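Each chain is listed here by its residues.
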Amino acid sequence: MPHAEMFEQLLFYLMPVAVLFLEGYCLYRFAEPFMVKKRAALSAALSYLLVMCILYAIPFYLHYYIAYIAGNLAAFFVLCIMDGRNYRQKVFIVATCLSVGRFASVMAEIVNDNLYEFILTYARGIDDYLNTYVDVAIYIGVCVIYLIIDYMILYAGMKIILKVYKEKYADMKKSELFISVIPSFTGITGYWIMCYYRNFY
């Protein structure tokens, strides 16, 4: 079934782009309440999306750690240029988006992998002629579920942080920045460790 396989392959390449759009939107929604100039949040999200899509499209291999750091650095510089104040807070915004985004991604991936294996186990009895179409339908379904779970974790995490963070226009002190980014860097470290063990085992 060449058409079904081609569609599955196309979806495989488009799925990361959909995730990037989702992350860019969440970055925009998270950064906007902190900005005096609201366009800065939108521009930062677009710069993140642009850099990440370019890095995804380039023909040579670039480790995804470096790619995500580059995308978030681009967003940080745009925030600083367009809303030139409270730079420490912008470090917090970008570090939090990076951490929560990676956490949401790996959690959604774990649920997605287990769900995919579970569904495939029960779909093995279908005859070979229908198997290609069933596999594609299952793959589409788990991709949609992945995006939903990813968005729900991203949205919930950032909504909680925005609710707790009351003084959004107040200048952030060095001590506040240090305390605020510790959970983010802990989360990023945990994400790298989880990715290592998932790939290793």
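Reading guide: rules and limits
- Residues numbered from 1 in each chain as written.
- Predicted model: local features only at pLDDT ≥ 70, side-chain atom pairs only at ≥ 80, totals over all residues.
- Heavy atoms only, no water.
- Patch = residues over 30% accessible without salt bridge, like charges linked within 9 Å, V, L, I, M, F, W, Y side chains within 5 Å.
- Areas by Shrake-Rupley, 256 points an atom, 1.4 Å probe, with all protein chains shown as cover.
- Salt bridge = Lys/Arg side-chain N within 4 Å of Asp/Glu carboxyl O.
- Helix = DSSP H or I, 4+ residues; strand = E, 2+ residues; numbered from the N terminus.
- Core = buried A, V, L, I, M, F, W, Y, C linked by side-chain atoms within 4.5 Å.
- Buried < 20%, exposed > 50% of the residue type's maximum accessible area, 1.4 Å probe, protein only.
- Contact = heavy atoms within 4.5 Å.

Draft legend 1. Focus on a nonpolar patch on the surface. A grouping of Phe-7, Leu-10, Leu-14, Ile-140, Val-144, Ile-148 and Met-152 is seen on the molecular surface, where their side chains present a nonpolar patch of about 630 Å² in accessible area. Looking at the nonpolar patch, the elements that each hand over two or more residues are helix H1 (2–31) and helix H5 (128–164). By residue number, the principal contributor to the nonpolar patch is H5, which donates four residues. With respect to the element layout, Val-144 can be found in helix H5.

Draft legend 2. Examining the nonpolar core more closely. Phe-30, Phe-34, Phe-92 and Ile-93 are the most contacted members of the largest nonpolar core, which totals 38 residues. Every element with two or more residues in this core is listed here: H1, helix H2 (39–57), helix H3 (64–82), helix H4 (87–123), H5 and helix H6 (174–200). Of all the elements, H4 adds the most residues to this core, at eight residues. Setting aside its immediate chain neighbours within four residues, Phe-92 contacts Phe-30, Phe-34, Ile-161, Tyr-165, Met-172, Leu-177, Ser-180 and Val-181. Within the second largest apolar cluster, seven residues are counted, among which are Val-19, Cys-143, Tyr-146 and Ile-149.

Draft legend 3. Here's a closer look at unusual backbone geometry. Despite not being glycine, Asn-86 shows a phi value in the positive range, around 50°. Tracing the backbone through its elements, the reader meets Asn-86 in the loop between H3 and H4.

Any link to function would need more than the numbers given here.
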